[in-house]
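# Descriptive analysis of the structure
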Amino acid sequence: MTSQEATLKEVDGSIFFITLVCMLASLMAVLDISIVNVALSDIRASLGVQLDQIAWVSTGYMMANVIVIPLTGWFQKKIGLKTYFILSLVIFIVASFLCGIAWNLQSLTLFRVLQGCGGGAIIPTASTILVARYPKEKQSMAQAFIGLGATTAPLLGPSLGGYLIHISTWHWIFLINIPFGIIAIILAFKFIETPHFQSSESPFDLKGFALLACGLGALQFVLEEGGRNDWFHDPKITVLSIVSFVSLVTLVFQQLESNHPMIEFEVFKNK
């Protein structure tokens, strides 16, 4: 049995409710990328910080996203799709609550990074569960549902964020996640079944993770802050660009040579 066939047999349960919970969870995670941008001016005024500093509220979330997403494959095999999905939802809603009660920029940025860890895990795990539950002949439908959530959230974010700020305060752009997150957790507990799960014995690739975190973290910082800092005229952007390039190139070779790779680049050999 191939690894793909094994994955497709890992999930059972009601297709309707599994589709509902996966789309709800994905919508929340992707929505939080765009909904916050509408509130940055209000957050800046409330916390009394400079315009260039408030950007870290968005940057921190995205940096956590891009680091966590490639790690999900290992965690899914280690603790199971259902457990990892529910854990990511718990992290996301706890972090959303903490963001909603943040008292300064430092605390808000820290909680946004934590929220990004949960959101980064939710997005690929929800997609994996959805694809794994649908039969082979209906995989295109599963992919369509995934795409629907990914495209709807960025469109909905600015409107919803603006409405919440209009009727209340910026805190509610984070607190609004809590009831929907709780509903998603309850539905996941009840309807997602993983009867064939066996924990992987593969050890955690610490070297690969370090290279990944340095490479993607530095790259995300360069992409987010480069425009504001005049790109390579800023020594910090130049140094981090070099760090990102060296780390990511080294990561590719390290993963190809590893006996237990965190990211299986050899999958690209299969056309």
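What you see is a predicted model; the values in this text were computed from it and never measured.

## Here we look at the overall build of the chain
What the chain contains, in helices and strands, is 12 helices and zero strands. Traced from its N-terminal end to its C-terminal end, the chain shows the element sequence α-α-α-α-α-α-α-α-α-α-α-α. Rg of the C-alpha trace for the chain: 19 Å, near the compact-globule value of 18 Å for 271 residues, within the 12% margin. In terms of overall dimensions, the chain has C-alpha extents of about 55 × 45 × 30 Å along its principal axes. The buried share among the 271 residues of the chain stands at 45%. Intrachain contacts of the chain at a sequence separation of at least 6 include 79% that bridge at least 24 residues. Of the roughly 14000 Å² that the chain leaves accessible, carbon and sulfur atoms contribute 67%. Counting 15 positive and 17 negative side-chain charges, the chain places the averaged centre of each group 6 Å from the other.

## Side note on the confidence of the model for the chain
Per-chain confidence: the chain averages 83 in pLDDT, with 95% of residues scoring 70 or above. Helix α1 (residues 3-8) is the least confidently modelled element of the chain, averaging 43 in pLDDT, while helix α6 (residues 81-100) averages 92, the highest of any element. Taken together, the stretch residues 1-8 has pLDDT below 50 and engages in seven contacts with residues farther than four places along the chain or on a different chain.

## A short note on the packing of aromatic side chains
If you walk through the whole model with that rule in mind, you get seven aromatic pairs. With a centroid separation of 5.6 Å and 10 degrees between ring planes, the pair formed by Phe 75 and Tyr 84 is classed as stacked. Note on Phe 75: relative accessible area 27%, which makes it partly exposed. Both rings, one in Trp 170 and one in Phe 174, keep their centres 6.2 Å apart while their planes meet at 85 degrees; by these two values the pair is edge-to-face. Taking the relative accessible area as the measure of exposure, Trp 170 reaches 4% and is therefore buried. Residue classification places Phe 174 among the buried positions, given a relative accessible area of 0%. One aromatic cluster is present, formed by Phe 16, Phe 17 and Phe 191 through successive ring pairs. Sitting over the ring of Phe 191, Lys 190 keeps its end group 5.6 Å from the ring centre.

## Here's the deal with a nonpolar patch on the surface
Taken together, Ile 242, Phe 245, Val 246, Val 249, Val 252, Phe 253 and Leu 256 make up a surface patch of nonpolar side chains, about 640 Å² in accessible area. Relative to the helices and strands, Val 249 resides in helix α12 (residues 235-257).

## Some details on the state of the cysteines
Evaluated as defined, the whole model comprises zero disulfides. With no disulfide of its own, Cys 99 lies 11 Å from the sulfur of Cys 117, the closest cysteine sulfur. The structure places no disulfide on Cys 214, whose sulfur is separated from the nearest cysteine sulfur, that of Cys 117, by 15 Å. Look at Cys 214 and you get partly exposed, because its relative accessible area is 43%.

## Digging into helix α11 (residues 206-225)
Along its 20 residues, α11 runs 28 Å from first to last C-alpha, staying within 8% of the 28 Å computed at 1.5 Å per residue. Those residues of α11 that sit buried are Gly 208, Leu 211, Leu 212, Gly 215, Leu 216, Gly 217, Ala 218, Gln 220, Phe 221, Val 222 and Glu 225.

## Let's talk about the nonpolar core
Judged by nonpolar contacts, the single largest core of 29 residues is most densely connected at Val 21, Phe 85, Leu 89, Ile 129 and Ile 192. Listing elements by their share of this core, those giving two or more residues are α2 (15-47), α6, α7 (105-133) and α10 (177-191). Sorting elements by how many residues they give to this core places α2 first, with seven residues. Excluding anything up to four places from it in sequence, Val 21 contacts Phe 85, Ala 184, Leu 187, Ala 188 and Ile 192. Residues Val 36, Ala 39, Cys 99 and Leu 164 belong to the second largest nonpolar core, which totals 22 residues.

Conventions and cut-offs
- Residues numbered from 1 in each chain as written.
- Predicted model: local features only at pLDDT ≥ 70, side-chain atom pairs only at ≥ 80, totals over all residues.
- Heavy atoms only, no water.
- Helix = DSSP H or I, 4+ residues; strand = E, 2+ residues; numbered from the N terminus.
- Rg over C-alpha atoms; globule rule 2.2 N^0.38 Å.
- Buried < 20%, exposed > 50% of the residue type's maximum accessible area, 1.4 Å probe, protein only.
- Contact = heavy atoms within 4.5 Å.
- Areas by Shrake-Rupley, 256 points an atom, 1.4 Å probe, with all protein chains shown as cover.
- Lys, Arg positive; Asp, Glu negative; His and termini not counted.
- Charge placed at Lys NZ, Arg CZ, Asp CG, Glu CD.
- pLDDT = per-residue confidence, 0-100.
- Phe/Tyr/Trp six-rings, centres within 6.5 Å; stacked < 30°, edge-to-face > 60°.
- Lys NZ or Arg CZ within 6 Å of the ring centre and 35° of its normal.
- Patch = residues over 30% accessible without salt bridge, like charges linked within 9 Å, V, L, I, M, F, W, Y side chains within 5 Å.
- Salt bridge = Lys/Arg side-chain N within 4 Å of Asp/Glu carboxyl O.
- Disulfide = S-S within 2.5 Å.
- Expected span 1.5 Å × (residues − 1).
- Core = buried A, V, L, I, M, F, W, Y, C linked by side-chain atoms within 4.5 Å.

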